[in-house]
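# Structural features, examined
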Amino acid sequence: APHADAGDRDTACFGPIRNTLQEVFGCVVPYTTNIPSFGGDWGFVMAFNHHNGKETSKVLSEWQAIPPGTIDELIEKNITNGEASLKMYDGISHQRMFHLTKAVRKHLTKDKRIMTKDNPIYMY
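Note that this is a predicted model, so its numbers are computed, not measured.

A few words on the overall build of the protein. The helix and strand tally for the protein stands at five helices and two strands. Ordered by position from the N terminus, the helices and strands of the protein form the series α-β-β-α-α-α-α. Relative to its 124 residues, the protein shows a buried fraction of 27%. Taking all contacts inside the protein whose residues are at least 6 apart in sequence as the whole, residues at least 24 apart take part in 57%. With an accessible surface of roughly 8200 Å², the protein has 56% of that area assigned to carbon and sulfur atoms.

Written out as structure tokens, the structure reads:
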């Protein structure tokens, strides 16, 4: 899992998962969030086929640019009891999730590993 203070640590399984999904899907968007019970940040990847023909970088920019107020309005409109029912997510948290730390971005740029049946990467 990536960490905000990744320093010289690699991206363990985050990089290979992102890279492998990039081989299969037209668009992948990595993000992180703090998982308190796991003791830190964990990385996730949304993967889907082309999003209206847009490049991954454009889709990522759109996810990063959603104003916090827009997310907060969507929460109030679509989640039972709105913001009061969510402990860890709101518009500001959303922005943080899609802005990876410099250390994580650096490691993801360097990590070229792809998981295959013949070249598995074991996760721990």
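With that settled, consider the confidence of the model for the protein. When pLDDT is averaged across the protein, the result is 86; 89% of the residues are at 70 or more. Mean pLDDT across the elements of the protein ranges from a minimum in helix α2 (residues 56-65), with 83, to a maximum in helix α3 (residues 68-78), with 96.

Turning our attention to the pairing of strand β1 (residues 27-35). Of the strand pairs in this sheet, β1 and strand β2 (residues 40-48) are connected by nine bridges, and their pairing is antiparallel. By the bridge assignment, T33 is partnered in β2 with W42. With antiparallel pairing between neighbouring strands as the criterion, β1 and β2 make up a hairpin whose turn holds four residues, including G39 at a positive phi of roughly 80 degrees.

Take the pattern of salt bridges next. The tally for this structure, following the rule as stated, stands at two salt bridges. Residue D41 pairs with R96 through a salt bridge whose shortest N-O separation is 2.4 Å. Taken together, the positions of D41 in strand β2 and R96 in helix α4 (residues 91-97) put the pair 55 residues apart, joining distant regions of the chain. Overall, the relative accessible area of 8% leaves D41 in the buried class. In this structure, the salt-bridge partner of D111 is R113, at a minimum N-O distance of 2.8 Å. Looking at R113, the relative accessible area reads 32%, which means it is partly exposed.

Looking now at the nonpolar core. Of all hydrophobic cores here, the largest spans six residues; its members are C27, V29, Y31, V59, M97 and F98. Sorting elements by how many residues they give to this core places β1 first, with three residues.

Positive phi, normally seen in glycine, also occurs at N81, with a value near 65 degrees. Looking at the secondary structure, you find N81 in the loop between α3 and α4.

Each value, and the rule that gives it
Residues numbered from 1 in each chain as written. Predicted model: local features only at pLDDT ≥ 70, side-chain atom pairs only at ≥ 80, totals over all residues. Heavy atoms only, no water. Helix = DSSP H or I, 4+ residues; strand = E, 2+ residues; numbered from the N terminus. Buried < 20%, exposed > 50% of the residue type's maximum accessible area, 1.4 Å probe, protein only. Contact = heavy atoms within 4.5 Å. Areas by Shrake-Rupley, 256 points an atom, 1.4 Å probe, with all protein chains shown as cover. pLDDT = per-residue confidence, 0-100. Pairing = 2+ DSSP bridges. Salt bridge = Lys/Arg side-chain N within 4 Å of Asp/Glu carboxyl O. Core = buried A, V, L, I, M, F, W, Y, C linked by side-chain atoms within 4.5 Å.

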